[in-house]
Amino acid sequence: DALWCVVPAAGKGVRAGGDRPKQYQWLAGRPLIDHTLERLAAHPRIAGLLVAIAADDTHFAATDTIGGKPLIVTVGGSERSASVLAGLHALPAGVADDEFVLVHDAARPCVRAVDIERLVELAGKGEGGLLGAPLRDTLKRADAGCHSIATEARDGRWRAFTPQMFRRAALAHALRLAAEAGIVVSDEAMAMERTGVSPLLVEGSEDNIKVTTPADFALAEFLLGRTR
Ligand code: CTP
Ligand code: MG
């Protein structure tokens, strides 16, 4: 069965600069987020989209459709994890507690359909997982003055991407626990790890960048054309 996808899009995009949050800045002639949502909506594994936005965002109508699939909008929070939790709460009542839900950053417009397919196929056999890629570069530990003081093992170290996929209630529970403990989790997998789950890492394309800095827009525009 097709899954719902929560899309956190309530960030301010401070590192990207510009006159508006990065998800609304132009990429290949359209707002960045439109590329992300269209790619997700076109995927046969995805049933509908739940977008968590900032309270003052005017980009969406309250309920909408995209590519013939439902698109629901809700107000996110001051941390990414709070936005995801708000999204989980706003899912349609028909989404069962034990159903898998995808979470995908609005700021990752270059995600490949084949990677979503592999994630759903492989991580759905267990308690969920995430796209990522093993580290390629040598990893340094730096002191406050940016001097390299140690070289860390690269083996077994991965970068975490999205989508990430977990069961709806388990993920909401894990995010709530972290929030109650005052711990800011940077992704869903981190919240799940804290509850004793070991999410499956599914290797995905490095092209699935998170647009973060001004230079990333040109790179994403290039990658958009070759990752479909
Ligand atoms: N996000 C969110 N709610 C927040 C913070 C972030 O929904 N309170 C979303 C962003 O909109 C983005 C994704 O989470 O789609 C990944 O976060 P990040 O790349 O850090 O985006 P921003 O927080 O907007 O950027 P910055 O950290 O540079 O301000
Ligand atoms: Mg951020």
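Structure report, in brief. Note that the structure is predicted; figures quoted are calculated from it, not measured.

**With respect to the site of ligand 1**
Close to ligand 1 lie 23 residues; Pro 8, Gly 11, Val 14, Arg 15 and Ser 83 are nearest. Contributing elements (two or more residues each) for the shell around ligand 1: strand E1 (3-9) and helix H2 (80-89). Here the residues of the shell around ligand 1 are counted per class, giving 9 nonpolar, 8 polar and 6 charged.

**Description of the pairing of E1**
Of all 7 residues in E1, 7 are buried; the element is thus mostly enclosed. Two strands pair when backbone bridges link them, and E1 and strand E7 (residues 100-103) are joined in this way by 3 bridges, in the parallel orientation. Across the sheet, Cys 5 pairs through a bridge with Leu 102, a residue of E7.

**Looking at helix H1 (residues 32-41)**
Burial analysis of H1 places 7 of its 10 residues in the buried class, which makes it a mostly covered element. What H1 keeps buried is the set Leu 32, Ile 33, His 35, Thr 36, Leu 37, Arg 39 and Leu 40.

**Some words on the nonpolar core**
Ranked by internal contacts, the top residues of the largest apolar core, which has 56 residues, are Leu 3, Cys 5, Val 6, Val 7, Ala 52 and Val 101. Among the elements that line this core, the one with the most residues is strand E4 (residues 46-53), at 7 residues. Once residues within four sequence positions are removed from consideration, Val 101 is found in contact with Leu 3, Trp 4, Val 6, Leu 88, Leu 91, Val 95, Phe 166, Arg 168 and Leu 171.

**Details of the sheet that holds E4**
Strand order across the open sheet formed by 8 strands is E5-E6-E4-E1-E7-E11-E8-E12, with mixed pairing between neighbours. The open sheet is flanked by strand E5 (63-66) and strand E12 (200-203), the only strands paired with a single partner. The mean inter-strand angle of the sheet, taken between neighbouring strand axes irrespective of direction, is 30°. Inspection of the sheet shows strand E8 (residues 129-134) paired to E12 by 4 bridges, in the parallel sense. The residue bridging Leu 130 from the neighbouring strand is Leu 201, located in E12. Contacts from H2 reach E1, E4, strand E6 (69-75) and E7 within the one sheet, and its direction differs from that of E1 by about 145°. Strands E7 and strand E11 (158-167) of the sheet are contacted by helix H4 (residues 168-180), whose axis makes an angle of about 120° with E11.

**So, the pairing of E6**
Looking down a regular strand, the side chains alternate between one sheet face and the other. Note: E4 against E6, 5 bridges, orientation parallel. The residue bridging Ala 52 from the neighbouring strand is Thr 74, located in E6. Two strands pair when backbone bridges link them, and E5 and E6 are joined in this way by 4 bridges, in the antiparallel orientation. What sits directly across from Thr 63, in E6, is Ile 72. Between E5 and E6, which follow one another and run antiparallel, lie 2 residues, and Gly 67 among them has a positive phi close to 55°.

Rules of the game
- Residues numbered from 1 in each chain as written.
- Chains lettered and ligands numbered in written order.
- Predicted model: local features only at pLDDT ≥ 70, side-chain atom pairs only at ≥ 80, totals over all residues.
- Near = placed C-beta within 6 Å.
- Helix = DSSP H or I, 4+ residues; strand = E, 2+ residues; numbered from the N terminus.
- Nonpolar A, V, L, I, M, F, W, Y, C, P; charged D, E, K, R; others polar.
- Buried ≥ 20, exposed ≤ 12 C-beta atoms within 10 Å, placed from the backbone.
- Pairing = 2+ DSSP bridges.
- Core = buried A, V, L, I, M, F, W, Y, C linked by C-beta atoms within 7 Å.
- Contact = placed C-beta atoms within 7 Å.
- Axes fitted to C-alpha atoms, helices over the stretch in contact; angles between N-to-C directions.

As far as function goes, none of this settles anything; it's purely spatial.
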